[in-house]
Amino acid sequence: MKFGVVVFPGSNCDHDTHHALGTVLKQPVEFIWHQSQQVNGFDAIILPGGFSYGDYLRTGAIARFSPVMRAVEKFARGGGLVLGVCNGFQMLLEAGLLPGAVLRNHGLRFICRHVHIRVENTETPFTCAATPGQILKIPIAHSDGSYFCDEATLADLERNGQIIFRYTTSDGRPDGRDDAAGNPNGAIANIAGISNREGNVAGLMPHPERAVEAALGSADGQVIFRSMIETLVRQVGVSA
Amino acid sequence: MAVLETEIKITPEIAAEHGLTPGEYARVQKILGRDPNITELGIFSVMWSEHCSYKSSKVHLKRLPTRGAQVLQGPGENAGVVDIGDGWCAVFKIESHNHPSFVEPFQGAATGVGGILRDIFTMGARPIAVLDSLRFGPITENAGATHEEVLRNRRILDGVIRGIGSYGNCFGVPTVGGEVQFEPCYSNNPLVNALALGIAKKDQLFFASARGTGNPVIYVGAKTGRDGIHGASLLASAEFTEESQQKRPNVQVGDPFLEKLLLEACLEAMRTGAVVAIQDMGAAGLTCSTCEMASRGSTGIEIDLARVPQRETGMTPYEIMLSESQERMLLVAERGREREVLDVFKKWELDAVEIGCVTEGGLLRILDHGRLVAEIPAHPLAEEGPVYERPLAPPAARRDAPMAQFLAEGANLTENFRKLLAAPAIASKHWIIEQYDHMVRTNTLVNPEAGDAAVIRVKETNRALALSVDGNGRWCQIDPRAGAMHAVAEAARNVACSGARPIAATNCLNFGSPEKPEVMWQFSQAIDGIGEACNALGTPITGGNVSFYNETLGRSIFPTPTIGVLGLLDDASSALGLAFRSPGDAIVLLEGCPPWSAVNLLQCEFSSSEYARTLLGISAGSVPAVDLAAEKRLIDCLVALAAEKSLHSAHDLSDGGLAVTLAESSFAAHGLSADVSLEGAAPAEYALFGERGACAVVTCPPAALARVLAIAAQYGVNARAIGSVTQGDFRIQYNGQLVVAARLESLREPWATSLERALGLKQGVQ
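Residues numbered from 1 in each chain as written. Chains lettered and ligands numbered in written order. Predicted model: local features only at pLDDT ≥ 70, side-chain atom pairs only at ≥ 80, totals over all residues. Heavy atoms only, no water.

Visitor: Would you mind showing me how to read the overall build of chain B here?
Guide: What chain B contains, in helices and strands, is 26 helices and 28 strands. Seen along its three principal axes, the alpha-carbon backbone of chain B occupies a region of about 90 × 55 × 50 Å. The 766 residues of chain B split such that 66% are buried. Here the contacts in chain B between residues at least 6 apart in sequence split such that 84% fall between residues at least 24 apart. Roughly 25100 Å² of accessible area belongs to chain B as shown, and the carbon and sulfur atoms make up 50% of that amount. (Helix = DSSP H or I, 4+ residues; strand = E, 2+ residues; numbered from the N terminus. Buried < 20%, exposed > 50% of the residue type's maximum accessible area, 1.4 Å probe, protein only. Contact = heavy atoms within 4.5 Å. Areas by Shrake-Rupley, 256 points an atom, 1.4 Å probe, with all protein chains shown as cover.)

Visitor: Quick question: what am I supposed to make of the overall build of chain A here?
Guide: The secondary structure content of chain A amounts to six helices and 11 strands. Here chain A has a C-alpha radius of gyration of 16 Å; the compact-globule value for 240 residues is 18 Å, and the two agree. Relative to its 240 residues, chain A shows a buried fraction of 63%. Looking at chain A alone, contacts between residues at least 24 apart form 76% of all its contacts between residues at least 6 apart. With the model as given, the accessible surface of chain A reaches about 8700 Å², and the carbon-plus-sulfur share is 51%. For chain A, the distance from the average site of its 20 positive side-chain charges to the average site of its 23 negative ones is 2 Å. (Rg over C-alpha atoms; globule rule 2.2 N^0.38 Å. Lys, Arg positive; Asp, Glu negative; His and termini not counted. Charge placed at Lys NZ, Arg CZ, Asp CG, Glu CD.)

Visitor: Just to check I follow, could you spell out the sheet that holds strand β1 (residues 71–73) of chain B for this structure?
Guide: Remark on secondary structure: sheet strands pair via backbone hydrogen bonds, oriented parallel or antiparallel. All names here are of chain B. Spatially, six strands are ordered β1-β2-β3-β6-β4-β5 in an open sheet, and the strand pairing comes out mixed. Looking along the sheet, the strands with just one partner apiece sit at the ends: β1 and β5 (175–182). Sheet twist, expressed as the mean angle between neighbouring strand axes with direction ignored, is 20°. Both strand β3 (residues 88–96) and strand β6 (residues 191–201) contribute to a ladder of nine bridges, which runs antiparallel. Bridge pairing links S96 to N193 in β6. (Pairing = 2+ DSSP bridges. Axes fitted to C-alpha atoms, helices over the stretch in contact; angles between N-to-C directions.)

Visitor: Explanation requested: the interface of chain B and chain A in the structure shown.
Guide: By a frequent convention, interface size equals the accessible area lost on bringing the separate parts together. Contacts between chain B and chain A engage 35 residues on the former and 35 residues on the latter. Summing both sides of the interface, chain B and chain A together bury roughly 2900 Å²; the carbon and sulfur share of this comes to 55%. Summed over the shared surface of chain B and chain A, the number is four salt bridges. The salt bridge involving R210(A) is made with D437(B); its shortest N-O contact spans 2.8 Å. If you list the elements that add at least two residues to the side of chain B that touches chain A, you get α8 (147–171), α10 (256–271) and β14 (444–446) of chain B. Broken down by element, the residue count for the side of chain B that touches chain A peaks at five residues, all from α8(B). Residues that form the side of chain B that touches chain A fall into these classes: 13 nonpolar, 10 polar and 12 charged. (Buried area = accessible area lost by both parts, 1.4 Å probe. Salt bridge = Lys/Arg side-chain N within 4 Å of Asp/Glu carboxyl O. Nonpolar A, V, L, I, M, F, W, Y, C, P; charged D, E, K, R; others polar.)

Visitor: Could you clarify how one ought to interpret the pattern of salt bridges in this entry?
Guide: For side chains bearing opposite charge, pairing can occur when the charged atoms are close. All names here are of chain B. With the rule as written, the count across this model stands at 60 salt bridges over all chains. For the salt bridge of R118 with D280, the shortest nitrogen-to-oxygen distance reads 3.5 Å. With R118 in helix α7 (residues 105–121) and D280 in strand β8 (residues 275–280), the pair connects residues that are 162 residues apart, well separated along the chain. Take R118: its relative accessible area is 0%, and that puts it in the buried class. In this structure, the salt-bridge partner of R493 is E631, at a minimum N-O distance of 3.1 Å. Of this pair, R493 sits in helix α18 (residues 480–497) while E631 sits in helix α22 (residues 628–643), and the two are 138 residues apart along the sequence.

Visitor: I would appreciate a short explanation of the state of the cysteines in the present structure.
Guide: Note: disulfide means a covalent bond formed between the sulfur atoms of two cysteine side chains. The final tally for this structure, using the stated rule, is zero disulfides over all chains. C13(A) supplies the cysteine sulfur nearest to C170(B), a cysteine that is in no disulfide, at a spacing of 11 Å. (Disulfide = S-S within 2.5 Å.)

Visitor: Would you take a moment to explain the packing of helix α19 (residues 517–537) of chain B against α22(B) for this structure?
Guide: The relative placement of two packed helices comes down to the angle between their axes together with the axis-to-axis distance. Residues and elements named next belong to chain B. Taken N-terminus to C-terminus, the directions of α19 and α22 make an angle of 40°; their axes are 9 Å apart at the nearest point. Our classification of the angle between α19 and α22 gives oblique. As α19 runs across α22, the sense of the crossing is right-handed. Residues E532, A533, A536 and L537 of α19 pack against L628, E631, K632 and I635 of α22. (Parallel < 35°, antiparallel > 145°, perpendicular 65-115°, else oblique. Left-handed = near helix turned anticlockwise from the far one by under 90°.)

Visitor: What exactly am I supposed to notice about the pairing of strand β2 (residues 80–85) of chain B here?
Guide: Every regular strand shows the same layout, with side chains that alternate between the two sheet faces. All names here are of chain B. Burial runs high along β2: six of the six residues are buried. Note: β1 against β2, two bridges, orientation antiparallel. By the bridge assignment for β2, Q73 is matched with V81. Inspection of the sheet shows β2 paired to β3 by five bridges, in the antiparallel sense.

Visitor: What exactly am I supposed to notice about the side chain of T168(A) here?
Guide: Residue and element names in this part refer to chain A. Within the element layout of this structure, T168 appears in strand β9 (residues 163–168). Taking the relative accessible area as the measure of exposure, T168 reaches 1% and is therefore buried. A polar atom in the side chain of T168 sits 2.8 Å from the side chain of D179. In this view, T168 contacts H116, I117, R118, I135, D178, D179 and G182; residues no more than four positions away in its chain are not counted. (Polar contact = N/O pair within 3.5 Å; in protein donor to acceptor, adjacent residues only side chain to side chain.)

Visitor: How should I be thinking about a nonpolar patch on the surface in this particular structure?
Guide: Taken together, Y56(A), L57(A) and I62(A) make up a surface patch of nonpolar side chains, about 310 Å² in accessible area. For L57(A), a relative accessible area of 74% corresponds to the exposed category. (Patch = residues over 30% accessible without salt bridge, like charges linked within 9 Å, V, L, I, M, F, W, Y side chains within 5 Å.)

Visitor: I tried to follow the sheet that holds strand β18 (residues 541–547) of chain B on my own but got confused; where do I start?
Guide: Residues and elements named next belong to chain B. The six strands are arranged β14-β15-β16-β21-β17-β18 in an open sheet whose pairing can be described as mixed. Every other strand in the sheet has two partners, leaving β14 and β18 as the edge strands with one partner each. Averaged over neighbouring strand pairs, the angle between their axes works out to 25° when direction is ignored.

Visitor: Teacher, can you tell me more about the packing of aromatic side chains here?
Guide: Two measures describe an aromatic ring pair: the distance that separates the ring centres and the angle between the ring planes. Under the defined criterion, the tally for this structure stands at 16 aromatic pairs over all chains. For the ring pair W33(A) and W348(B), a centre distance of 4.7 Å and an interplane angle of 75° mean the geometry is edge-to-face. Remark: W348(B) occurs in the loop between α13 (338–347) and β11 (352–359) and W33(A) occurs in strand β2 (residues 29–33); the pair is interchain, linking two chains. Summarising the aromatic geometry, the rings of Y611(B) and F689(B) are spaced 4.4 Å apart at their centres and angled 5° between planes, so their arrangement reads as stacked. Of this pair, Y611(B) sits in helix α21 (residues 610–616) while F689(B) sits in helix α24 (residues 684–689), placing them 78 residues apart in sequence. Each member of the pair, Y611(B) together with F689(B), is buried. An aromatic cluster of three or more residues is present, and its members are F417(B), F606(B), Y611(B), Y686(B), F689(B) and F730(B). A cation sits over an aromatic face here: R64(A) above F65(A), 4.5 Å from the ring centre. The ring of W33(A) carries K347(B) above its face, with NZ or CZ at 4.5 Å from the centroid. (Phe/Tyr/Trp six-rings, centres within 6.5 Å; stacked < 30°, edge-to-face > 60°. Lys NZ or Arg CZ within 6 Å of the ring centre and 35° of its normal.)

Visitor: What should I look at first to understand the nonpolar core in this one?
Guide: What tends to happen in soluble globular proteins is that the nonpolar side chains get buried as a cluster. Core analysis: the biggest nonpolar cluster contains 141 residues, and F3(A), I45(A), L83(A) and F345(B) have the highest contact counts within it. Take this core: its biggest share by element is 10 residues, from α10(B). By size, the runner-up hydrophobic cluster in this structure holds 63 residues, among which are L509(B), F511(B), L590(B) and C700(B). (Core = buried A, V, L, I, M, F, W, Y, C linked by side-chain atoms within 4.5 Å.)

Visitor: I would appreciate a short explanation of the side chain of E631(B) in the present structure.
Guide: Classification of E631(B) as buried rests on a relative accessible area of 1%. For E631(B), the side chain forms a polar contact with the main-chain nitrogen of A694(B), separated by 2.9 Å.

Visitor: Any chance you could explain the environment of A706(B) here in plain terms?
Guide: Residue and element names in this part refer to chain B. Among the secondary structure elements, A706 is positioned in helix α25 (residues 705–714). Looking at A706, the relative accessible area reads 58%, which means it is exposed. With 529 residues separating them in the primary sequence, A706 and G177 have C-alpha atoms 34 Å apart.

Given below as structure tokens:
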């Protein structure tokens, strides 16, 4: 089993993701340069956070045209696991691998803090190790993180269980009554993360790689990576 | 020598317009043995500006202690370097970007961060943390500024915060702390001091010394434009007038994305082993980097400006040499291996061009399309600039301001306490901190709100580094020597409260015009204070910068030395925060000096406190006595207690006094509070709000109390259990009387929301 962490010009959570997977979770992990034409040999791809291409033009808008993104798209269409974190999530939206877009935060400022998100669907490769309704404490760090989509898309997302994480409070109730209070950026329907309909591509604004060690304030992010590992272990042809 | 063409005949008037005095101009003529041409004049004027040459401060800076067992590199390089064990070293420095941040707050602050980051990775170190020390004019009415000034101060603060955040967040370095203070004297001259810390392998450090005749000189990074020309000489080395806003073209524009690429490319190029020397192009750009590298290497450098990547057409040699375009580096590679270096920059899609080579003979020779346009001996240009022993004179004795009168018995101290907590200097800086990514790189063990110092782990080892930056203009204005000593002591104490042993320091010296004898006296006094304190506390100065001419329309800022102290934790897991941890824990007051209850009441000291200023409108009196031996005892004691993991929290006593210290430890703990009981002969206000050095409040489980008291006694520190951590109301009794009693939330609310309310910015989703 091997994880690949793509390095774009301006990625700045690539090392953190590598550390989380390699050092903390003891998984084989390698960097993939953005000029790479293929992602052969990898079982899961992570698009890390940062400011790819300075986020000039629009977050993720230039990165999606990197050569590696064609390979990532092919990998995703073939059922490979792809996780986009923060800037990586924005790239997946720009690339059309996930529906919707992100807007500037409601407060129009960069926000870095721990937030709470509730796992809304545990039947995905990114959440299967979580318990239904589990609340995770994970940091955010972004200025463009307010997820948005049109009514029809939102209804689709709801119907297909594609909304996998919602912002909530530390003791947020499953009925969602507290979610708006925990929403840091004004995201529609308090959405923090979604998957594609097939479930093999997911993106979220919070940074799970920053929450894998208790010494840094939370290890709740581990459950997302552990879910991916469990999924890969189950898949035929991949051994732990 | 070929006669250099001069389009413009240089006169003493033109030299004066370039900021060179008649004496300095004569020196230029003597070094050259002829009149300079306009390009050469420009080069001399920036290199000999106050900002680059330290001509007024050099004679004083020599008095600072710069050596220590762990110091690998003191002042003189791009940054200081200290050994942190296990083959690793810490590289750190603080620098000012004051004037640009007033003229254009966002870009001024952003490029301040960019500049100090380059200083760090130029040495081969990866930046792992940034801290900022900021000073603004009042952001609230009735605090000594006009309505218009208040509005402008808010705009400046907002721009500076956004600028720092925008640069650091994009670059990918956590902004982990700092401090913000407000005084009317900073209304027209805010201070933006940025400190950066990096780590490198001890045997993989790089220096800026051009060696090896014939080695190629390679320009890398951003293209050169017309921005920032004369930033160092006209902006940083002159006081402000009403026309200062017109200096906006002198402010550089930053591109953090490009700097991030430059970081990765430089570190990768260094790993090839083909890089001989490297220096960033900051103040005075290409001029400074070429002549300093040649001077340090006792070599010469010859470059052709036609090869310099340019983003504008028709730039003159003068403009190219003086441009302060950001995100550029100059490096010397090993001849024959330049391809390896160039390939790395190509990979990162950065310009990298061989623009010249290292030469023998010590000359800086600048060609333009093969035509010689400047020829200056590098060493005299870089190192033999003017040095001034400017006259010193203590300021005329200040008129006696009214002293604080202690309130009569029965005054509502709880209400006063609430007001004190809402003072901008004391109030929560959460609104600011949240706009900085303080977590990226996943090393931040103690974040800016959680401890007296930020604690950053070094992943490759079991160690961690602690950093704090402190200054106190209010006290330095009254007594620059004592104020400066307090600044060093507070930074060191903060580092010790986090459990780290202070090992080295960096300083940013913000003062008015050196041409005023009173300002030079303040400077000299502050240097003496810093030197004495650094000697006593074992924290040699490894670098920093001097910022003079911080005055507008003839009014100087308070003398404001800001001190960054670096500490080392051998065991990262022993790092301490300031938050109370468990109900029932004992609260212990540690005093390196004699217990305050035994100290004679010093009304004049109380008059210089934040309480006196906020509640009584008085800013006078004297600076609390400094006792460096007491500070050292307290620091040693705190480090020993943390090392054996006896404590649950530690927080020093500083602005606002003991009551504020206790409140902050409560606020950080979510639901925990303090219930303490004090006794003494002084009025209650002094006991609660008086400010003194060498004190800290620590907590420990009741079972560990005896051990904590015993260790304190070993170190000669007075330790007294004064109460306990509770889940109830915040309570302080004094001599058996309940003097402060409130629900914690009623104290927390004004503290937590004051800054946003003051800025009129309370908006957005919470």
